[in-house]
Amino acid sequence: MSSNLRLCPVACTLLIHGLGIAQAAIVEIDAMKHDIQQITMSNFDGVISKFRDSAVSSLWFFKADNKADVGFLDEYNKVATDLKGMAKICAISCTDWPVFCDKQGVKETPAVMVYPTNPMPAFKYEGKMESKGVLAKVARFIPDFTTKV
């Protein structure tokens, strides 16, 4: 009987993983692996609003345990990598900051807001949630500071 008890943790773990009852994936933005800047409700103004006169930004609203958000993480990171140094590509957790997401009109995730330079108003990205579409929409608003010679 005691040998059966010793096998239970191993057997139970194998059974759980074999049945697909493993822990659900969650969105984890790691500064060492991702080019996305994770922000909070308290630093939104300092990261995005303060720079609207000269920089375009995008903000991905996500819920940590939402399967669609987990799938979108790599797509959004491609946008962040491609636009590094040209646009601020940020994310905020609606799991941690639900009141902020509500005030921004975000009812479901994933959702991306684009913040072009002033005076253009911020708007919700309405296309397919994939890197190509988001990248094209954000890049369209990057200011051109080149001068013709």
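In short, a report on the structure.

Tracing the chain through its elements places alanine 91 in strand S3 (residues 88-93). For alanine 91, a relative accessible area of 0% corresponds to the buried category. A C-alpha to C-alpha distance of 9.8 Å links alanine 91 and leucine 73, two positions 18 residues apart in sequence. What alanine 91 contacts, discounting residues up to four positions off in sequence, is Ile29, Ile36, Gln37, Gln38, Ile39, Leu59, Trp60 and Phe62.

In this section: helix H5 (residues 131-139). Turning to H5, its buried residues are Ser131, Val134 and Val138. Along the long axis of H5, the arc covered by the buried residues comes to 75°, so they all point the same way. Contacts made by the buried residues of H5 are with strand S2 (57-62), helix H3 (67-82), S3 and strand S4 (111-115).

About the cut-offs
Residues numbered from 1 in each chain as written. Predicted model: local features only at pLDDT ≥ 70, side-chain atom pairs only at ≥ 80, totals over all residues. Heavy atoms only, no water. Helix = DSSP H or I, 4+ residues; strand = E, 2+ residues; numbered from the N terminus. Buried < 20%, exposed > 50% of the residue type's maximum accessible area, 1.4 Å probe, protein only. Contact = heavy atoms within 4.5 Å. Arc of directions from axis to C-beta.

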